[in-house]
Amino acid sequence: MRTPPRATSGGRITSAGKTGRAGKALLSGVLAICLAGAMAVPTLPAEAAKPKPPVIPSKAAVERAKQAAASKAGQVAAIERQLAAAGARLEQLGIQSGIADEAYNGAVYRLQQAKTEAAAAAARAAEAQKTLTAQRQQIGRFAAASYQGGGEVAKIAPLFTADGPQQLLDSAGAAHSVSSAMQGSYLRFTATQVMTNLFKVQADQAVVKVKKAADEAAAAKKAAEAAEAAQSAAVTAIGVQRRQSIAQLATLQNISVQVAAQRQQGLEELARQRAAAIAAKKAAELKRRIAAREAAERRAEAAERAREAAEQAREEKEEREQNKGKKNPPKRHKPSTPNRDNDDNDNGNSSRKGASAAIEFAMRQLGDMYLWGATGPSRWDCSGLTQGAWARAGVQLPHYSVAQYEQIQHIDEDELRPGDLIFWSLNPSDPGTIHHVALYLGNGRMIHAPRTGKPVQIDSVYYWEPPDFFGRP
């Protein structure tokens, strides 16, 4: 602001000073009134600060959202069911391939039996033919001797000799002996001929049986190969399906694929843990029943020993009473009693030492992969492993679970001892449908070669389905 010029007269200067002071006072008053008015008047809100009206979805929009959520939940549940079904499918394919594998072992076993029978039948037929030929030659010699002796004419020739009837009687007796011998030879020849023909028929039938068994073995091999191929293809296909399903779950649940996979693995592990807990409970019950049976057997043995001791004491007392007063009473022969504690046999059959050798051998195979039809040294199927284990103990078992059960002592489940064999079948009342075998370790555990894709491993006896048959080599 510019400064006004100074006045030259005193009056004007005085007048000018008064007017300036008055103006300043007036300006100050106006400002004070304005400020007071500003403070007294309320401030009005701006248009941008007004609250927005709430968004209220329509009933149709709410219904659509509910439907979308339900659809997503349904899709999640469906995918989870697919994953569970895929796991069950793999397990079922494993079972089917194991059944097919053991059926092939059975076909090979029957083929070997048929070949053995055919060889025996052929040997019997050859031996019978040899005997028949020798008997035919003997009859031929008898016939030639009779012909050279003149036949019936030679029998009456002595009538015309000096010795007369006596010579005739002698020759007649000799002829009768020759005739009897010829007749006996002919009867034996006839019987041998019948047996030879029978043996030839049996040999022919055995050859047919071998051909049939060979065809069955070939068909079983194809079926096993097909089952193995189906399982292998399913493992690949279900693996792809599993990854896709987990990715879909991640999208539907708005989480990462890694988290979805971890969740699925966690759910599956939880299911395995629950199954393992159930199996452990059953194994504990089996252990309790086995212990109860063993205790009962020990009590029975103790009672039998006590009875024998009491009987022996009674006999000794009677003997002492009978020998009272005798100078040289005869010494009583003390019968020897078997020491059951040092008996190597369990129930008179299986050697505990042999069972230990079988278990030791099987344990050394832990981790070896399954291979159908294999009997070692580094690949095994179920019956191949039990065959190899008990072979180490000196017990020869066939490479076929059904035949193994047929050739060993049958026992109850609560009679199980380490080294015994456990069997699974399609029909619990028919041992001919057995398709899997394992070696019992004790405490409800077993070692076995499960199926393709899995190694020789230790599992609970009840990790799968309850076993059906039990036996002791």
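These notes cover the structure that comes with them. As the structure is a computational prediction, the values presented were derived from the model and not from experiment. (Residues numbered from 1 in each chain as written. Predicted model: local features only at pLDDT ≥ 70, side-chain atom pairs only at ≥ 80, totals over all residues. Heavy atoms only, no water.)

Examining the overall build of the chain
1) Next: Looking only at helices and strands, one finds 8 helices and 8 strands in the chain.
2) Next: Classification of the 473 residues of the chain by burial places 28% in the buried group. (Helix = DSSP H or I, 4+ residues; strand = E, 2+ residues; numbered from the N terminus. Buried < 20%, exposed > 50% of the residue type's maximum accessible area, 1.4 Å probe, protein only.)

Let's talk about the packing of aromatic side chains
1) Next: One pass over the structure, following the stated rule, counts 7 aromatic pairs.
2) Next: On the basis of an interplanar angle of 90° and a centroid distance of 5.8 Å, the ring pair of Phe361 and Trp380 is categorised as edge-to-face. One end of the pair, Phe361, is in helix 6 (residues 352-363); the other, Trp380, is in the loop between helix 6 and helix 7 (382-392), with 19 residues separating them in the sequence.
3) Next: Classification of Phe361 as buried rests on a relative accessible area of 10%.
4) Next: By the ring-pair criterion, three or more aromatic residues cluster together here, those being Tyr405, Phe423 and Phe469. (Phe/Tyr/Trp six-rings, centres within 6.5 Å; stacked < 30°, edge-to-face > 60°.)

Thoughts on the side chain of Gln365
1) Next: Its location among the elements puts Gln365 in the loop between helix 6 and helix 7.
2) Next: Contact partners of Gln365, with chain neighbours within four places excluded, come to Pro377, Trp380, Leu385 and Val456. (Contact = heavy atoms within 4.5 Å.)

Remarks on the pattern of salt bridges
1) Next: The final tally for this structure, using the stated rule, is 14 salt bridges.
2) Next: Between Arg289 and Glu285 there is a salt bridge whose closest N-O contact spans 3.9 Å. Here Arg289 pairs with Glu285, and both are found in helix 5 (residues 257-322), just 4 residues apart, close to one helical turn.
3) Next: Of the residues examined, Arg289 reaches a relative accessible area of 26% and is grouped as partly exposed.
4) Next: Notably, a salt bridge pairs Arg417 with Glu294, separated by 3.1 Å at the nearest N-O pair. Of this pair, Arg417 sits in the loop between strand 3 (409-410) and strand 4 (421-425) while Glu294 sits in helix 5, placing them 123 residues apart in sequence.
5) Next: With relative accessibility at 7%, the residue Arg417 sits in the buried group.
6) Next: We classify Glu294 as partly exposed; its relative accessible area is 27%. (Salt bridge = Lys/Arg side-chain N within 4 Å of Asp/Glu carboxyl O.)

Digging into the pairing of strand 6 (residues 445-448)
1) Next: Looking at chain direction, strand 5 (residues 434-442) and strand 6 are connected through 3 bridges and run antiparallel. Pairing of Tyr440 across the sheet is with Met446, part of strand 6.
2) Next: The turn linking strand 5 back onto strand 6 is made up of 2 residues, and Asn443 within it adopts a positive phi angle of 55°.
3) Next: With 4 bridges connecting them, strand 6 and strand 7 (residues 457-460) associate as antiparallel partners. Looking across to strand 7, one finds that Arg445 is bridged to Ser460. (Pairing = 2+ DSSP bridges.)

Details of a nonpolar patch on the surface
1) Next: Together, Met363, Leu366 and Ile458 line one region of the surface with nonpolar side chains, adding up to about 210 Å² of accessible area.
2) Next: Position of Met363 relative to the elements: it lies in helix 6. (Patch = residues over 30% accessible without salt bridge, like charges linked within 9 Å, V, L, I, M, F, W, Y side chains within 5 Å. Areas by Shrake-Rupley, 256 points an atom, 1.4 Å probe, with all protein chains shown as cover.)

Thoughts on the sheet that holds strand 7
1) Next: Read from one edge of the open sheet, 6 strands run 3-8-4-5-6-7, paired in antiparallel fashion. Strands with a single pairing partner mark the edges of an open sheet, and in this sheet they are strand 3 and strand 7.
2) Next: Along the sheet face, helix 6 touches strand 5, strand 6 and strand 7 and points at about 105° away from the line of strand 5.
3) Next: In this fold helix 7 packs onto strand 4, strand 5 and strand 6, with an angle of close to 45° to the strand it touches most, strand 5. (Axes fitted to C-alpha atoms, helices over the stretch in contact; angles between N-to-C directions.)

Considering the nonpolar core
1) Next: Among the nonpolar cores identified, the biggest contains 44 residues, and Trp390, Leu421, Phe423 and Leu439 are the most heavily contacted of them.
2) Next: If you list the elements that add at least two residues to this core, you get helix 2 (59-148), helix 4 (165-252), helix 6, helix 7, helix 8 (401-406), strand 4 and strand 5.
3) Next: One finds Ala279, Ile411, Ile422 and Tyr462 within the second-largest nonpolar core, a separate group that totals 14 residues. (Core = buried A, V, L, I, M, F, W, Y, C linked by side-chain atoms within 4.5 Å.)

A look at the packing of helix 6 against helix 7
1) Next: Axis separation between helix 6 and helix 7 bottoms out at 7 Å; the angle between their running directions is 130°. On the basis of their axis angle, the class for helix 6 and helix 7 is oblique. For the crossing formed where helix 6 meets helix 7, the hand is right-handed. Residues Gly354, Ala355, Ala357, Ala358, Phe361 and Ala362 of helix 6 touch helix 7, and the partners they reach there are Leu385, Gly388, Ala389, Trp390 and Arg392.
2) Next: The class makeup of the residues in the contact of helix 6 with helix 7 is 8 nonpolar, 2 polar and 1 charged. (Parallel < 35°, antiparallel > 145°, perpendicular 65-115°, else oblique. Left-handed = near helix turned anticlockwise from the far one by under 90°. Nonpolar A, V, L, I, M, F, W, Y, C, P; charged D, E, K, R; others polar.)

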